[in-house]
Amino acid sequence: MTTQVRKTGLGALGDMPWGTHCCHFYQTQKELLETLVPYFKAGLQNREFCFWLVPEPLTEAKAQRALRQHLPNGDRYLADGSIEIVSSQKWYLHRGKFSRARVARIWNEKLEQASTRGYTGVRSTGNAFWLHRRQWRRFDEYERTRNDSLVGKSLIVLCSYPLVVCGATEVLDVARNHHFAIAKRARKWEVVQWRTPSSSGERYEALTSRERDVFHLAAEGHTNPEISQRLSIGVRTVEGYRANLMRKLGLRNQTDLVRYALQGGTLPNETWIRQRKH
């Protein structure tokens, strides 16, 4: 499973691991471009395949022009297929209908194509401007499954939602379905993370010293056998510590673990790990 940290190109988000699923609320086309152009610029400069789904009234031609204006060698990236720009409505809908299975299959195909062509992974956007009220429930169910479906995949997705089509209920639904939500308020970025109320036992301070050792090494991307060797304990013992710390921190998978470490500033250098015998 890959957990390599990637530059998002957005100061509000900083660096994020593969498997991150974020959303962006915007009001104007200008604001949308100001967010997505640096997002894709960072991906292209780090050898990622970029997939830009553009909503109406933004067109593929306008997106290409914005990319050329702000990105050196933008023409080259467009010419060699490092970035694909398509209409979100045409991509999401087939004969006017949205199919979650169809979209998931295409995402997997994009990942396979990117890997075959030597890219490090895929950076993409999504957009809900095309969405009609009658389609909201089905699309909401699709978004709700995305966090788990991205685990272990070299894929980062930033979904853009226009506030003109989102009511208060929809905003809450969207924020709940993503790891983070970002928006500009009074010209300043704000980041919102959906959190389920947790007990005091689900905090980093509640971990034992050995659980913290395992946490640090796991956040750096080491496997259970590697952690076992470094700490001179059995693999099953590592598995037990790992299961306990995941439960205490309320984490579901490796991507959540890396993100938690980044947010809390606890992703350490190897010198921080104490090599003690159990």
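Residues numbered from 1 in each chain as written. Predicted model: local features only at pLDDT ≥ 70, side-chain atom pairs only at ≥ 80, totals over all residues. Heavy atoms only, no water.

1. Overview of the overall build of the protein
Then, number 1: Assigned secondary structure in the protein consists of 11 helices and 11 strands.
Then, number 2: Residues counted as buried form 49% of the 278 residues belonging to the protein.
Then, number 3: For the protein, the share of sequence-separated contacts (at least 6 apart) that also reach a separation of at least 24 residues comes to 72%.
Then, number 4: Accessible surface, the protein: about 14100 Å² in total, of which carbon and sulfur atoms supply 49%. (Helix = DSSP H or I, 4+ residues; strand = E, 2+ residues; numbered from the N terminus. Buried < 20%, exposed > 50% of the residue type's maximum accessible area, 1.4 Å probe, protein only. Contact = heavy atoms within 4.5 Å. Areas by Shrake-Rupley, 256 points an atom, 1.4 Å probe, with all protein chains shown as cover.)

2. Brief notes about the confidence of the model for the protein
Then, number 1: Scored by pLDDT, the protein has a mean of 82; 87% of the residues are at 70 or more.
Then, number 2: Ignoring residues within four places in sequence, the model shows residues 268-278, a span with pLDDT below 50, making 28 contacts including any to other chains. (pLDDT = per-residue confidence, 0-100.)

3. Here's the deal with the nonpolar core
Then, number 1: The biggest cluster of nonpolar side chains holds 29 residues, and the ones touching the most others in it are Trp 52 and Ile 83.
Then, number 2: Within the residue set of this core, elements represented by two or more residues are strand 3 (21-26), helix 1 (29-45), strand 4 (49-54), helix 2 (60-70), helix 3 (74-79), strand 5 (83-87), strand 9 (155-162) and strand 10 (180-185).
Then, number 3: Sorting elements by how many residues they give to this core places helix 1 first, with seven residues.
Then, number 4: Beyond its immediate chain neighbours, meaning those up to four positions away, Ile 83 contacts Phe 40, Leu 44, Cys 50, Trp 52, Leu 67, Tyr 77 and Leu 78.
Then, number 5: If you look at the next biggest cluster of nonpolar residues, it comprises 27 residues, including Phe 49, Trp 91, Phe 139 and Val 174. (Core = buried A, V, L, I, M, F, W, Y, C linked by side-chain atoms within 4.5 Å.)

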